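# Chain and residue survey
These are the residues of each chain, in order.
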Amino acid sequence: MDAWEFYKGKNILAPMVRVNTMPTRLLAAEYGADIVYSEELIDRKMMKVKRVENTAWGTVDFIDPDATNDDTAVVFQTIPEEKNRLVMQLGTGDATRALQSAMVAVNDVAAIDINMGCPLKFSTASGAGSALLKKPETVHDILTTLRRNLPAETHVTCKIRLLETMEQTVELARVIEKCGVSAFGVHGRYVGQRPRDAAHWDQIKQVVESVSCPVIANGDVFEYSDFGKIRAETGAAAAMCGRGAMWNQSIFRKEGVIPPRDNLNSLLTKCFEWNHSLKNTKYLTREILIKSTGLENEEGWALNKSKSLADVAGVFNIPANVIGRKRVSNLKRPCEDLVENDENVRVKSSSEQ
């Protein structure tokens, strides 16, 4: 599928650290998200994972061989059904590491995206995220290396923020376009701006008008109608939503959002079905509750004290028999007890991709 066909008119789940794990992505897609991003995956971590095809669950698990517990073992997880809409976002500041990381999962995703907008220290300290905005030569090196070496059908993209001046932003946009990317995203805020500050849709529009490839507009999409509004006002090919989708994934429903509690129950059901990480299940739940009922109440306290998925299910009155029901055989997950020779598990290290 060519770039314009893939991106034109699409509503996209933006990458969010610790949020865009598989339950969030699957639920957003059920509600109508056309394209879903992974959370940012750090290059050095992805370079050492083992890729595991596990028919016990029907998942593809990317396992950290050095992990000491289940909550940290699965670095990235997907299922074949989401391949054609899934974008893996990498945090990297080096072309060689970017390519090695991308090759680990290139057969499991539709696109590889490079994070060039995150302003947080954990990303910029390694030369990744928004640190790349002022390094056009490195940007060029990373994107051209990916485009030259990845399969033609794999889209290569990046996501940026606004630079200090419009001229600098446009200049970088043109550098990115010349790398042969399928598209790139523009978060309509400066690096120093916080989420509470209004996004600059007018500046996204100027970026769109300066290039000929698809642009994905991001910033201040809080209801379904905003997807159409930001595309119309900026001329962008696609629209991307972050915080609105973190608080309620049903923002992607044409019919409108469902009540926050109903959405939370649907997300928890996804977590329970796939026997998702307890730590991440609690994190996703907290982010939704903070926006709705808050955490300083009996429900919030009980959530914090939960020691298992069954405990969490009890807090929200969801039947415990939902837990693990996506398992299709009794074989353990590789992160539970790595089984390298069973016919139901196929393990590949990154060097074997």
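Anything mentioned here points back to the structure above.
Below or above, wherever it landed, is the structure these notes cover. (Residues numbered from 1 in each chain as written. Predicted model: local features only at pLDDT ≥ 70, side-chain atom pairs only at ≥ 80, totals over all residues. Heavy atoms only, no water.)

## A look at the overall build of the protein
Filter applied, for reference: By the criteria applied, helices consist of DSSP H or I runs no shorter than four residues and strands consist of E runs no shorter than two, each listed in order from the N terminus. In this description the radius of gyration comes from C-alpha coordinates, and the expected globular size is given by 2.2 Å times residues to the power 0.38. Summary of the burial criterion: residues with accessible area below 20% of their type's maximum are buried, those above 50% are exposed, and those between are partly exposed, where the area comes from a 1.4 Å probe applied to protein chains only. Contact criterion: two residues are considered in contact whenever any of their non-hydrogen atoms come within 4.5 Å of each other. Residues scored as charged are limited to Lys and Arg (positive) and Asp and Glu (negative), so that His and the chain ends carry no count. The atoms used to mark charge sites are NZ of Lys, CZ of Arg, CG of Asp and CD of Glu.
Assigned secondary structure in the protein consists of 15 helices and 13 strands. Against the globule reference of 20 Å for 353 residues, the protein gives a C-alpha radius of gyration of 20 Å, in line with a compact fold. Considered along the principal axes of its C-alpha atoms, the protein spans approximately 55 × 45 × 35 Å. Put simply, the protein has 353 residues, and 56% of those count as buried. Contacts spanning at least 24 positions in sequence make up 67% of the contacts within the protein whose residues lie at least 6 apart. Counting 45 positive and 46 negative side-chain charges, the protein places the centres of these two groups 2 Å from one another.

## Concerning unusual backbone geometry
Of note, the phi angle at Asn275 is positive, near 50 degrees, even though the residue is not glycine. Topologically, Asn275 is positioned in the loop between helix H12 (260-273) and helix H13 (278-291).

## Quick notes on empty space enclosed by the protein
We count it as follows: Cavity and pocket criteria rest on a 1 Å grid covering protein atoms alone: a 1.4 Å probe that fits but cannot get out defines a cavity, protein on both sides within 12 Å along at least 5 of 7 lines defines an open pocket, and an atom within 4 Å of a point defines a lining residue. Grid points are joined across faces, edges and corners, and a volume is the space filled by probe spheres set on the points. Residue polarity follows a fixed list, in which Ala, Val, Leu, Ile, Met, Phe, Trp, Tyr, Cys and Pro are nonpolar, Asp, Glu, Lys and Arg are charged, and the others, Gly among them, are polar.
For the structure on display, the rule yields one cavity of 30 Å³ or more. Reported here for the largest cavity is a volume of approximately 30 Å³. If you tally residues by element for the lining of the largest cavity, the top one is H13, at three residues. Considered class by class, the residues forming the lining of the largest cavity number five nonpolar, two polar and one charged.

## So, helix H9 (residues 201-210)
Within H9 the residues assigned to the buried category are Trp201, Gln203, Ile204, Val207, Val208 and Ser210. Residues of H9 that are buried in the fold lie against strand E9 (155-162), helix H8 (166-178), strand E10 (183-190), strand E11 (215-218) and helix H10 (224-234).

## Structural notes on the pattern of salt bridges
Side chains that differ in sign of charge can pair as their charged atoms come close. To keep things clear, this is the line we draw: For this analysis, a salt bridge means a side-chain nitrogen from Lys or Arg found within 4 Å of a carboxyl oxygen belonging to Asp or Glu.
Scanning the model with the defined rule gives 14 salt bridges in all. Residue Asp64 pairs with Lys45 through a salt bridge whose shortest N-O separation is 3.2 Å. Linking Asp64 in the loop between strand E5 (59-63) and helix H4 (70-73) with Lys45 in helix H3 (residues 43-46), this pair joins segments that are 19 residues apart in sequence. According to the relative accessible area criterion, Asp64 is buried, its value standing at 7%. Between Asp220 and Arg243 there is a salt bridge, with its nearest N and O atoms 3.8 Å apart. Note that Asp220 is positioned in the loop between E11 and H10 and Arg243 in helix H11 (residues 243-247), a separation of 23 residues in sequence.

## Quick notes on the packing of H13 against helix H14 (residues 298-305)
Convention followed: Structural elements are reduced to axes, namely lines fitted to C-alpha atoms, with helices fitted over the stretch in contact, and the angle between N-to-C directions of any two is expressed from 0 to 180 degrees. An angle below 35 degrees is read as roughly parallel, one above 145 as roughly antiparallel, one from 65 to 115 as roughly perpendicular, and any other as oblique. In a left-handed crossing the near helix is turned counterclockwise from the far helix by less than a right angle, and in a right-handed crossing that turn is clockwise.
As a packed pair, H13 and H14 sit with axes 10 Å apart at the nearest point and diverge in direction by 165 degrees. It follows that H13 is roughly antiparallel to H14 by the angle criterion. Considering only the axes of H13 and H14, their crossing is left-handed. Contacts from Lys282, Thr285, Arg286 and Leu289 of H13 reach H14 at Glu299, Leu303 and Asn304. In terms of residue class, the contact of H13 with H14 is made up of two nonpolar, two polar and three charged.

## Overview of the packing of aromatic side chains
Counted only if it meets this: Centres within 6.5 Å make a pair out of two Phe, Tyr or Trp rings, where for Trp the six-membered ring is used; the pair is then stacked when the planes are under 30 degrees apart, edge-to-face when over 60, and tilted otherwise. The criterion is that NZ of a Lys, or CZ of an Arg, lies within 6 Å of the ring centre and within 35 degrees of the ring normal, and then a charge sits over that ring.
Per the stated rule, a full pass over the model turns up five aromatic pairs. Their ring planes at 65 degrees and their centres at 5.9 Å tell us that Tyr224 and Phe227 sit as a pair that is edge-to-face. In this pair, Tyr224 and Phe227 both sit in helix H10, three residues apart, roughly one turn of the helix. Look at Phe227 and you get buried, because its relative accessible area is 0%. Members of the aromatic cluster, connected to one another through ring pairs, are Tyr224, Phe227 and Phe252. Over the face of the ring belonging to Phe6 we find Lys10, whose NZ or CZ atom lies 5.7 Å from the ring centre.

## Brief notes about a nonpolar patch on the surface
Note the cut-off: Distance thresholds for patches are 9 Å for like charges and 5 Å for nonpolar side chains (Val, Leu, Ile, Met, Phe, Trp, Tyr), applied to residues having over 30% relative accessible area and no salt bridge. Here the accessible surface of atoms and residues is derived via Shrake-Rupley with a 1.4 Å probe, and residues count as covered only by protein chains that are part of the display.
A grouping of Val17, Ile42, Leu120 and Phe122 is seen on the molecular surface, where their side chains present a nonpolar patch of about 310 Å² in accessible area. Relative to the assigned elements, Val17 resides in the loop between strand E1 (11-13) and helix H2 (22-31). Among the residues examined, Val17 registers a relative accessible area of 31% and is labelled partly exposed.

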